[in-house]
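# Residue-level structure breakdown
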Amino acid sequence: MLYVYKIFRLIIIAIIITYFIGCIWFMFCTIYNDTEPNSFIKKNKLDKEDQTHKLIISCYYALTTLSTVGYGDYYPISNNERIIAVVIMLGGVAFFSYIMGNFIEIISNYEKKMGVVDKSGDLHNW
């Protein structure tokens, strides 16, 4: 049960980080929306949408940028937005490295505790 809690905790941390990065991204884009002729908000017509839709789009963008996948449907338009996106991507690499390191540690500790037999020697002999 402890291992399930630890994995659940990592998932919650990922959701919280994604939410806050999405909110920070939207706040940044809102600040620079008036000064930039082209911006993330204007390009994606988010100025005419309700707050829930804006939040969903911003969190989706934050998750795809944090994971450095960036599907291309939402992307930074201005140079200021691109700079922030690079910072988010670099932070995302560190963040997902932390998540994966903890996840591998949880699985390794589980295998040690449950006595999962290492069969790599049998494979090597074969």
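Since this is a predicted model, take the numbers as computed values, not measurements.

### Some points on the packing of aromatic side chains
Tallied over the entire structure, the rule returns ten aromatic pairs. Centre to centre, the rings of phenylalanine 40 and tyrosine 61 are 5.2 Å apart; their planes meet at 55°, and the pair counts as tilted. Of this pair, phenylalanine 40 sits in helix α2 (residues 40–43) while tyrosine 61 is found in helix α3 (residues 51–66), placing the two residues 21 residues apart along the sequence. A relative accessible area of 0% places phenylalanine 40 in the buried class. For tyrosine 61, a relative accessible area of 2% gives the class buried. Here the aromatic cluster, defined as three or more aromatic residues joined through ring pairs, consists of Trp25, Phe28, Phe40, Tyr60, Tyr61, Tyr71 and Tyr74.

### As for the side chain of threonine 64
Tracing the chain through its elements places threonine 64 in helix α3. The residues contacting threonine 64, other than those within four sequence positions of it, are Val69, Gly70 and Tyr71.

### Considering the packing of α3 against helix α4 (residues 79–114)
At a closest axis distance of 7 Å, the pairing of α3 and α4 adopts a crossing angle of 65°. Residues Tyr61, Thr65 and Leu66 of α3 touch α4, and the partners they reach there are Ala85, Ile88, Met89, Gly91, Gly92, Val93 and Phe96. Partitioning the contact of α3 with α4 into residue classes produces seven nonpolar, three polar and no charged.

### Side note on the nonpolar core
The biggest cluster of nonpolar side chains holds twelve residues, and these are Trp25, Phe26, Phe28, Cys29, Phe40, Ile41, Leu46, Ile57, Tyr61, Leu66, Ala85 and Ile88. Of all the secondary structure elements, the ones that give two or more residues to this core are α1 (2–33), α2, α3 and α4. Ranked by residues supplied to this core, first place goes to α1 with four residues. Grouped together as the second largest cluster of nonpolar side chains are five residues, Tyr3, Leu10, Ile99 and Ile106 included.

### Section: unusual backbone geometry
The residue lysine 45 is not glycine, and still its phi comes out positive at about 55°. The residue threonine 68 is not glycine, and still its phi comes out positive at about 55°. What makes threonine 68 partly exposed here is its relative accessible area of 44%.

### Observations concerning the packing of α1 against α3
Helix-helix packing is described using two parameters, namely the angle between the two axes and the distance between the axes. Two numbers describe how α1 lies on α3: the axes approach to 8 Å, and their chain directions differ by 110°. It follows that α1 is roughly perpendicular to α3 by the angle criterion. α3 is crossed by α1, and the crossing has right-handed handedness. Between α1 and α3, the residues in contact are Ile17, Thr18, Tyr19, Ile21, Gly22, Cys23, Trp25 and Phe26 and Lys54, Leu55, Ser58, Cys59, Tyr61, Ala62, Leu63 and Leu66, respectively. Residue composition of the contact of α1 with α3, grouped by class: twelve nonpolar, three polar and one charged.

### Some points on the confidence of the model for the chain
On average, residues of the chain score 85 in pLDDT, and 95% of them reach the 70 mark or higher. When the elements of the chain are averaged for pLDDT, helix α5 (residues 120–125) gives the smallest value, 70, and α3 the largest, 89.

Analysis parameters
Residues numbered from 1 in each chain as written. Predicted model: local features only at pLDDT ≥ 70, side-chain atom pairs only at ≥ 80, totals over all residues. Heavy atoms only, no water. Phe/Tyr/Trp six-rings, centres within 6.5 Å; stacked < 30°, edge-to-face > 60°. Helix = DSSP H or I, 4+ residues; strand = E, 2+ residues; numbered from the N terminus. Buried < 20%, exposed > 50% of the residue type's maximum accessible area, 1.4 Å probe, protein only. Contact = heavy atoms within 4.5 Å. Axes fitted to C-alpha atoms, helices over the stretch in contact; angles between N-to-C directions. Nonpolar A, V, L, I, M, F, W, Y, C, P; charged D, E, K, R; others polar. Core = buried A, V, L, I, M, F, W, Y, C linked by side-chain atoms within 4.5 Å. Parallel < 35°, antiparallel > 145°, perpendicular 65-115°, else oblique. Left-handed = near helix turned anticlockwise from the far one by under 90°. pLDDT = per-residue confidence, 0-100.

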